[in-house]
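What follows is each chain in one-letter form.
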Amino acid sequence: MAGQRYLYDLADGDASMKPLLGGKGAGVAQMMKLGVPVPDGFTVTTAACVDAMSDGGAWPDGLWEETLAALSRLEERTGRGLGDPERPLLVSVRSGAVVSMPGMMDTILNLGIGDATVEALGREAGDPRFAWDSYRRFLQMYGEVVEGVPAHAYEDALTAMKRGRGVTEDTGLSTDDLRELVEVFKIVSRTHIGADLPEDPKEALRRAIDAVFRSWLNPRAGVYRRANGIADDLGTAVNVMQMVFGNRGDTSATGVCFTRNPATGARELYGEFLLNAQGEDVVAGIRTPRPLAEMEVVLPEAYGQLLEVMGTLEAHYRDMQDIEFTVEDEKLYLLQTRDGKRTAAAALKVARDLVEEGVLSREEALARIEPGQLDQLLHPALDPAHGQQPATRGLAASPGAAVGEVVFDSDTAERRGKAGDAVVLVRWETTPDDIAGTLVAQGVLTAHGGMTSHAAVVARGMGKPCVAGASDIASDAEASTLTIGDLTLTEGDAITLDGSTGEVFAGALALVPPQINEDFAVVVGWADDVRRLGVRANADNGPDAAKAREFGAEGIGLCRTEHMFMEQDRLPAVRRMILASDDAERANALEEILPMQQADFEAILEAMSGLPVTIRLLDPPLHEFLPSLVDQALEVQRLELAGDTHPTDLRHARALLAQIKKLTEQNPMLGTRGVRLALLYPEIPQMQVRAIARAALAVADRGGDPQVEIMVPLVAYAEELRRMRTLIAQTLEAEFAAAGRRLEVPIGTMIELPRAAVVADQIAEHADFFSFGTNDLTQTGVGISRDDAEGAFLSAYLDEGVVPDNPFVSIDVDGVGGLVEIGVQRGRSSKPDLKLGVCGEHGGDPASIAVFERLGLDYVSCSPFRVPIARFAAAQAVLV
């Protein structure tokens, strides 16, 4: 684009330029303005990446010239030159997305070192070993990231040399060893790419920037973006900064720290460091680092300065910070600061504390918490009374309990996890490429790495339990075995992780329900003060209703009566009702079902006393309560072939098969169900309404306050609802007259068909409320079957960007959302005070809740464990 500026010196940027400079570039630029010690450098903007990627990777006009000019300015400011044999300038080339994506894109360190500069770097530092160590690191990172050489090729060579020298750590290699290793790495590179790596450092810089651009499109970055709802068109910035060296001996170090504990939120020192290392050693888990507190002993001056800077940055950003630092010859440099990834428990603790400290208002604190993250707190934990001894311990890197079968690679974890298996991913160390397996695994166990390693950071951000650095374990991915002392587990064996304690147990331990802590209650209480939307729950029995109320539900938005029909103690009576040969036989069966339904309704109304309970009349087609057609046909065949079948049994089996054939439809979802079934067999809804009325009266008799609502499913025509309303009202009147007292019972309908939305003004004339059934409205509005689509084309559509989100998870805003908007507008045009809600699973999705807030619905309803998330999301929808 003509006139577009693609590059900024760090001194020219600040935090407000994050969309252009990315999080890392804007953060370093802001630190420079705050007087925090940072290396000098420049940033290639996200716009450059976007323009390059949109043109097949071709750089936009003028970008390379801008890069050379910025490099020249950097050389002038530092008094060094890229490739200068006397005073060489070395730089890092690092990604920097607008939204933090830790470990998902690429970094190249030590660019500028080569045969012409390595000796000068060693002389200047007075440490030739450091120079050759930097050289071998550059060859490995450049070869992997830029030229695509497999990582194991370099690692195998490094491991072979350490084994040959009898050392276990890289730091045990001598200068001569590293000099030899550089030559080996050159051969490795030449073998894989068929040519030498470029000697011209400027050409290497160009290729490195291009590689970072390309890393925006790598598979792991795409998986991470989809998992975290990050747009694919943002691009990444590229930060080119003067190298500072944490590998210049024991007066140098590298580390990562957080201004508060990212696992718990406590205001305490949290971090790790490594002496004589570079940053990738910490985050990649190559060496197990030391606790940050030990830095006070070995590097006291830099440690004190670091504590001061941590306070400065948290005060400036008014949030917990994740900081990457390097100490070069006892001098501290900060390489990055960003809002720290944290667990849900930590997010709530930090939010509450920052409000109590007067740093944030409640509204500001609410806006900073990701509603979906609260789901982490609503899952089971290990039963503290399990009484088992751990097989080993590691670092408690990410809290929570994980129970599953051991798998040893990301691909297997992804495949089995997507198939519904509970798996635990076990790795020597994780890499960013393990992201797909981590997403679906119950938890992660690594033998290597620390609390700030890639595995720990990603697991915390995803709410996955993680035990890292369990050094007693031996993981053999090729043999698919995990050895812990005398115990050997193979792929498929059960294992349990406690990410809160770092303990690892053989076998599957029992779990207990989650407990809501005080931070959760307080912060979600703030959300209740802000939100406009009501939040109800979908529940079909008393225990679920009680749990929903415990989580803050303000009623039941959907009680599915068909789930009650499926219970084993009543299924025989339901089948007798379906198979009845005449009205009297059907009436007898319904009389048997009625007290069961009444008892179910009483339990729910008691649990929700004083709050509304919307009971949906029978929705599915009758054949769903019978055996499948194939199974029953096989059963008849078996009885016919058996020599000792009683004639009565065979007659009954054949009659059942005939009725199943009669009721079976080609497309039952759009067949005889819901209101259609009710109008054909009015005795079924009459029985249900009688049970509802009697349950409400019984609860009232016991001092409760039943607030029942009756909802008719699958209405497409106003006349359907008019007739059903008459039937329901007459049945209620008969029950209340017999009891000698009346209760107010609103009657409404689900809007789950496009026609219903379009003629909502007509339907509203006979309704006290609408509840949008967005699950079926998505199927009928988009024209896809959820059961078929999610296992077929929908995954490909998501991967290829045909659709932005799974429409069954987040509402299709333009399509299905448009139908809801039509239904809202036309329904209220006929009846301005019409109560409107939504009872599909979209009612618990934060993105969908924002749409429902905008459309003016009165409430959302979701599964009980999503209620706190919905309460929180409803508040954020107001604050946006």
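Residues numbered from 1 in each chain as written. Predicted model: local features only at pLDDT ≥ 70, side-chain atom pairs only at ≥ 80, totals over all residues. Heavy atoms only, no water.

Peer 1: Now, about the overall build of the protein: what can you tell me, with residues and values included?
Peer 2: For the protein, the helix and strand inventory stands at 35 helices and 31 strands. Taking 880 residues into account, the globule formula puts the C-alpha radius of gyration at 29 Å, and the protein, at 32 Å, falls close to it. In terms of its C-alpha atoms, the protein occupies a principal-axis envelope of roughly 105 × 70 × 50 Å. Excluding contacts between residues fewer than 6 apart, the proportion of contacts in the protein whose partners are at least 24 apart in sequence is 69%. (Helix = DSSP H or I, 4+ residues; strand = E, 2+ residues; numbered from the N terminus. Rg over C-alpha atoms; globule rule 2.2 N^0.38 Å. Contact = heavy atoms within 4.5 Å.)

Peer 1: Now, about a nonpolar patch on the surface: what can you tell me, with residues and values included?
Peer 2: The grouping of F793, Y797 and V802 at the surface amounts to a nonpolar patch, some 270 Å² of accessible area in total. With respect to the element layout, F793 can be found in helix α32 (residues 793-800). (Patch = residues over 30% accessible without salt bridge, like charges linked within 9 Å, V, L, I, M, F, W, Y side chains within 5 Å. Areas by Shrake-Rupley, 256 points an atom, 1.4 Å probe, with all protein chains shown as cover. Salt bridge = Lys/Arg side-chain N within 4 Å of Asp/Glu carboxyl O.)

Peer 1: If you had to explain unusual backbone geometry to someone new, which residues and values would you point to?
Peer 2: Note: most residues except glycine have negative phi, and most peptide bonds are trans. Here the phi dihedral of R318 falls at roughly 55°; this positive angle occurs in a residue that is not glycine. Within the secondary structure, R318 is located in the loop between α12 (300-317) and β9 (321-328). You can call R318 partly exposed: its relative accessible area is 27%. Within the chain, S480 stands out as a residue other than glycine whose phi angle is a positive 55°. Among the secondary structure elements, S480 is positioned in the loop between β18 (473-476) and β19 (481-484). (Buried < 20%, exposed > 50% of the residue type's maximum accessible area, 1.4 Å probe, protein only.)

Peer 1: Give a detailed account of the sheet that holds strand β7 (residues 270-275), specifying residues and quantitative values.
Peer 2: Pairing is antiparallel in the open sheet, where five strands are placed in the order β8-β7-β6-β9-β10. A single partner strand is all that each edge strand has here, and the edge strands are β8 (290-291) and β10 (331-339). Note: strand β6 (residues 253-258) against β9, six bridges, orientation antiparallel. In the strand pairing of β9, F258 is matched with D322. (Pairing = 2+ DSSP bridges.)

Peer 1: Could you give an account of the nonpolar core, with specific residues and numbers?
Peer 2: Judged by nonpolar contacts, the single largest core of 117 residues is most densely connected at I556, M577, I728, F770 and L857. Ranked by residue count, the leading element in this core is helix α26 (residues 683-701), at ten residues. Aside from chain neighbours lying at most four places away, what touches F770 is T749, I751, A760, I763, A764, G823, G827, L834, K835, L836, G837 and Y859. Listed in part, the 73 residues of the second largest apolar core include C49, L71, Y154 and L173. (Core = buried A, V, L, I, M, F, W, Y, C linked by side-chain atoms within 4.5 Å.)

Peer 1: Let's hear about the packing of aromatic side chains: which residues, and what values?
Peer 2: Inspection of every chain in the model, using the stated rule, returns ten aromatic pairs. Taking the centre distance of 5.8 Å and the plane angle of 80° together, the rings of F258 and Y270 count as edge-to-face. Here the residue F258 occupies a position in strand β6, and Y270 occupies one in strand β7, the gap between them amounting to twelve residues. Y270 sits in the buried class, given a relative accessible area of 7%. Here a set of aromatic residues connected by ring pairs shows up, and it is made of W59, W64 and F213. Directly above the aromatic system of W216 lies the positively charged group of R225, at a separation of 4.0 Å from the ring centroid. We note R248 situated over the ring of F130; from NZ or CZ to the ring centre the distance is 5.6 Å. (Phe/Tyr/Trp six-rings, centres within 6.5 Å; stacked < 30°, edge-to-face > 60°. Lys NZ or Arg CZ within 6 Å of the ring centre and 35° of its normal.)

Peer 1: Give me the sheet that holds strand β28 (residues 747-751): which residues, what numbers.
Peer 2: Spatial ordering of the closed barrel is given by β24-β25-β26-β27-β28-β29-β30-β31, a layout of eight strands whose pairing is parallel. Direction aside, neighbouring strands of the sheet carry axes that sit 30° apart on average. Here strand β24 (residues 534-538) pairs with strand β25 (residues 556-560) via two bridges, running parallel. Paired with N538 across the two strands is L558, which belongs to β25. (Axes fitted to C-alpha atoms, helices over the stretch in contact; angles between N-to-C directions.)

Peer 1: Describe in detail the pattern of salt bridges, supporting the description with residues and values.
Peer 2: According to the stated counting rule, one finds 69 salt bridges in the structure shown. In this structure, R723 and E719 form a salt bridge, with 2.8 Å as the shortest nitrogen-oxygen distance. Here R723 and its partner E719 are both found in helix α27 (residues 718-739), four residues apart, which amounts to about one turn of the helix. One continuous salt-bridge network, built from bridges that share partners, spans D133, R136, R137, K162 and D170.

Peer 1: Pulling in residues and values, what's your account of the pairing of strand β2 (residues 41-44)?
Peer 2: Every second residue of β2 is oriented toward a common face, with G41 and T43 on one face and F42 and V44 on the other, all of them buried. Alignment of strand β1 (residues 7-9) against β2, held across three bridges, turns out to be antiparallel. Across the sheet, the residue bridging to D9 is F42, located in β2.

Peer 1: Go over the packing of helix α5 (residues 128-145) against helix α7 (residues 175-193), please, and point to the residues and values.
Peer 2: Relative orientation of the contacting elements α5 and α7 amounts to 20°, with a least axis distance of 9 Å. Comparing the axis directions of α5 and α7 gives the class roughly parallel. Pair α5 / α7 crosses with left-handed handedness. The segment α5 lies against α7, with P128, R129, W132, D133, Y135, R136, L139 and Q140 engaging T175, L178, R179, L181, V182, F185 and K186. For the contact of α5 with α7, the class distribution of residues is eight nonpolar, two polar and five charged. (Parallel < 35°, antiparallel > 145°, perpendicular 65-115°, else oblique. Left-handed = near helix turned anticlockwise from the far one by under 90°. Nonpolar A, V, L, I, M, F, W, Y, C, P; charged D, E, K, R; others polar.)

Peer 1: Outline helix α21 (residues 571-579), supporting the account with residue identities and numerical values.
Peer 2: Count 3.6 residues to each turn of an α-helix, and residues three or four apart come out pointing the same way. Among all positions of α21, only L571, A573, V574, M577 and I578 are buried. Seen end-on, α21 carries its buried residues on one side only, within an arc spanning 160°. (Arc of directions from axis to C-beta.)

Peer 1: Could you give me a rundown of the side chain of R129, with the residues and numbers involved?
Peer 2: Considering the arrangement of structural elements, one finds R129 in helix α5. For the buried residue R129, which engages in no salt bridge, the nearest side chain bearing the opposite charge is D133, 4.5 Å off. In contact with R129, other than residues within four places in its own chain, are D170, T171, L173, S174, T175, L178 and N276. (Lys, Arg positive; Asp, Glu negative; His and termini not counted.)

Peer 1: Quick one: what's the story with the pairing of strand β16 (residues 443-446), residue by residue and with numbers?
Peer 2: Burial along β16 is two-sided: G443 and L445 and V444 and T446, pointing in opposite directions, are all buried. Relative to β16, strand β15 (residues 423-427) is paired through four bridges, and the arrangement is parallel. Looking at the pairing, V424 lines up with G443 of β16. Strand direction decides the pairing type here: β16 and strand β17 (residues 466-468), joined by two bridges, are parallel. Across the sheet, V444 pairs through a bridge with C466, a residue of β17.

Peer 1: Any chance you could break down the side chain of E709 for me, citing the residues and the numbers?
Peer 2: Mapped onto the elements, E709 comes out in strand β27 (residues 707-712). Here the side chain of E709 touches K835 through a polar contact of 2.5 Å, side chain to side chain. The residues touching E709, leaving out its near neighbours within four places in the chain, are R536, P612, V613, T614, I615, V745, P746, F769 and K835. (Polar contact = N/O pair within 3.5 Å; in protein donor to acceptor, adjacent residues only side chain to side chain.)

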